[in-house]
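# Secondary and tertiary structure notes
Here is what each chain is made of, one letter per residue.
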Amino acid sequence: MSLARDPHEEPTPQGIQDEAIVDNLDLLLACLPTEIVAAIRELATHENLAAGRDGLLEIVLDLGRRPEARITSGDVTLLEREITDEDLNWVIARIGNFGGDNRAGIERTLHRISAIRNRSDRVVGLTCRVGRSVFGTIEILRDHIEAGRSILIMGRPGVGKTTMLREAARVLASEFSKRVVVVDTSNEIAGDGDIPHPAIGKARRMQVSAPERQHLVMIEAVENHMPEVIVIDEIGTEAEAIAARTIAERGVQLIGTAHGNSLDNLMLNPTLTDLIGGIQSVTLGDDEARRRRTQKSVLERKAPPTFDVIVEIIDRDHILVHEDVAGTVDALLRGDAVAPEERWRDEGGVRRSHARIRPGQTAQGESRRFGGLTPGDDRRGRRSDRGDRGDEGRGGWRRNREQARHVETIPGGTATPVIRAFEGDPVGGGSWRPERGWSHESMASTIAEMDRELIGRTVGGALVPAEWDEAPSADDDDGREVSQLPELRVLAHGISRKKLEAAIRELGLPATTARTADEADAVVTIRNEFKQRGTPIVDAERRGVPVHVLKSNASEQMERALLDIYQLPHDPRDIAMREAKMGIKEVARTQHPVELAPQNAYIRRLQHQLAGDAGVTSSSRGRDPHRRVRLEPQGRSSSTPRRRR
């Protein structure tokens, strides 16, 4: 069995499908002591040592210890005697000079010799890694490389990151005739010496005099040599990450590797997070936190990612591909599970598979990510709101307290309808539970009433309740539906008019704000203003216009007042079911998926039941407090509707 190939042997670059390996192993053996070379050649006949990619990986020479050979099946002792200074000096005299990173090489080969030094800067150990140019490894990722997307390759040491990087440089330069520049810090990509190894094809190589200058050479390559592609190995510092972003912003395709086994490692590494857009802590306002139903401090991506695609190498024939880095990072920060594309190669060629995650599934250890700041994670000592206890309450509504409606006689005035906002906690967080006495039987009764409504016609394969078409909506010039609710003018007296307008937009109501009480159809005011009996209040009472008194100048209170004005339901169960009905109708009309607002498990169960009876596929996505129902046209994601909590 031969351990080495002809140094000048190189497979045809065009149309490579099967891997071809060039290792130039004889040139490395020529630098080792004779006894060690004889032991390695004897080992070549051992059943554990095969030629090519499954053969010798490293030779370890440590002073005062027996030499070892690292092969794919484990470590093998080469000699029974210990390594001496003479053995180490023998090797050092036959290789190139060590650089600032304690790495050296053999001219026009890919072998790497790394030194271990003592406190006196004397070499006391050598690690001789066998460098191989493996042609054809890029086939598993060829589509993204051809498309010109920037790719970041990650994986454990020795898994083949640099090999894939080297092959990508060769394919882009030789097969696609692109201007490729390799920034080679330790001469590991293109070999030692001034003449680059043939494994990078027509790509040009820029050497780096010292590891700390890599980011400067990266910028120099862009400014001086007009590349279309830059290949970088081992991005490991903040300066290099910033330089990579600068290159990407200039429209140059980047292909590089970074320290870390997976995307999770990269997100937890503060030095390199800029490669995926950076992560920052954002403090939300009270209103926004209630709207999102999350805590006030959340993590968000702060910029577009430097790389378009991230590849996690499991082994040389098995990778995971994150095709949308921005979307993947955002999903992980929200606490959602992600499903990267899995690719592997066998005798039949390259195969692909998209992992189908269970709705609401989170990746292993999800709750421990990012210091516990994942939305909805209270383990960092955040004080929970009242009513936010129990599994069913997370992500739902606070306890619903009925709003008192009554006619109040104003001294010196007439009986005027006054609607007081409830005095309890505002809507927007905590939990809501079914009233006492509700059971599965009562829930079934509610669903049965909805079933009686599900009659009429079928649109796009989905059964649409007849009552939903009792008031057909007109279309405006843009083709959007126009609500049939009356257009009312609401006067904001003593409260923020901008907040009231924002509440109107949030609810999608056809209302506008009035300037004076004379043109108002309703008045919304705060308790103190109502007690002072201002002119707008008196004019409204005189005209019989309803006055809605709020406890505070909060958006939630304004939204509840607007719902009262239009006589829309306050009960979260009714609101959620109304939203589900509209969502089913939208799915039937557009044949596109619709996601509903997050709800607790009980309300989601009602929404799933309604969707199933209407012939629409439904599933739950995310995790509390963001767990929500997704509606899809039947047959889009599965042949039968799915109902999940």
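Residues numbered from 1 in each chain as written. Predicted model: local features only at pLDDT ≥ 70, side-chain atom pairs only at ≥ 80, totals over all residues. Heavy atoms only, no water.

## With respect to the overall build of the protein
- Each helix and strand in the protein was counted, giving 17 helices and 32 strands.
- Restricting to contacts in the protein with at least 6 residues of sequence separation, those with at least 24 account for 62%. (Helix = DSSP H or I, 4+ residues; strand = E, 2+ residues; numbered from the N terminus. Contact = heavy atoms within 4.5 Å.)

## Side note on the sheet that holds strand β32 (residues 628-632)
- One open sheet accounts for 3 strands, arranged β30-β32-β31; its pairing is antiparallel. Edge positions in the sheet fall to β30 (594-595) and β31 (617-621), since each has one partner strand and no second.
- Two elements, β30 and β32, share 2 bridges in a ladder whose sense is antiparallel. From the neighbouring strand, Val-594 faces β32, where its bridge partner is Leu-631. (Pairing = 2+ DSSP bridges.)

## What to know about the packing of aromatic side chains
- Under the definition given, this model contains 0 aromatic pairs.
- One Lys or Arg, Arg-94, reaches over the ring of Trp-90 and ends 3.6 Å from the middle of that ring. (Phe/Tyr/Trp six-rings, centres within 6.5 Å; stacked < 30°, edge-to-face > 60°. Lys NZ or Arg CZ within 6 Å of the ring centre and 35° of its normal.)

## A short note on the pattern of salt bridges
- Applying the stated criterion across every chain, the model contains 38 salt bridges.
- For Glu-188, the salt bridge identified is with Arg-103, shortest N-O distance 3.3 Å. Remark: Arg-103 occurs in strand β5 (residues 103-105) and Glu-188 occurs in the loop between β10 (180-184) and β11 (204-207); sequence separation between them is 85 residues.
- Of the charged contacts in the structure, one is a salt bridge between Glu-341 and Arg-343, with a shortest N-O distance of 3.1 Å. (Salt bridge = Lys/Arg side-chain N within 4 Å of Asp/Glu carboxyl O.)

## Some words on the nonpolar core
- Leu-152, Ile-230, Leu-266, Leu-275, Ile-276 and Ile-310 are the most contacted members of the largest nonpolar core, which totals 33 residues.
- For this core, the secondary structure elements donating two or more residues are β9 (151-154), β10, α6 (214-225), β12 (229-235), α7 (238-249), β13 (253-258), α8 (263-267) and α10 (325-334).
- Look past the residues within four positions of Ile-230 in its chain and what remains in contact with it is Val-181, Val-183, Met-218, Ala-221, Val-222, Ile-247, Val-252, Gln-253, Leu-254 and Ile-255.
- One finds Leu-25, Leu-79, Leu-126 and Val-130 within the second-largest nonpolar core, a separate group that totals 30 residues. (Core = buried A, V, L, I, M, F, W, Y, C linked by side-chain atoms within 4.5 Å. Buried < 20%, exposed > 50% of the residue type's maximum accessible area, 1.4 Å probe, protein only.)

## Thoughts on the confidence of the model for the protein
- Mean pLDDT over the protein stands at 75; residues scoring 70 or higher make up 73%.
- In the model, residues 638-644 has pLDDT below 50 throughout and makes 20 contacts with residues more than four positions away in sequence or in other chains. (pLDDT = per-residue confidence, 0-100.)

## Description of the environment of Arg-573
- Of note, Arg-573 is situated in helix α16 (residues 572-590).
- Residue classification places Arg-573 among the buried residues on the basis of a relative accessible area of 9%.
- Taking the C-alpha atoms as reference points, Arg-573 and Leu-606, 33 residues apart in sequence, are found 8.6 Å from one another.

## With respect to the pairing of β12
- Burial analysis of β12 places 6 of its 7 residues in the buried class, the great majority of the element.
- In this structure, β10 lies alongside β12, joined through 4 bridges in parallel fashion. Bridging across to β12, Val-180 finds its partner in Val-229.
- Bridge analysis of β12 against β13 gives 5 bridges, and the strand direction is parallel. Looking across to β13, one finds that Ile-232 is bridged to Gly-256.
- Once the chain exits β12 it traverses α7 before rejoining the sheet at β13, and the crossover so formed is right-handed. (Right-handed = clockwise from strand over helix to strand, strands pointing away.)

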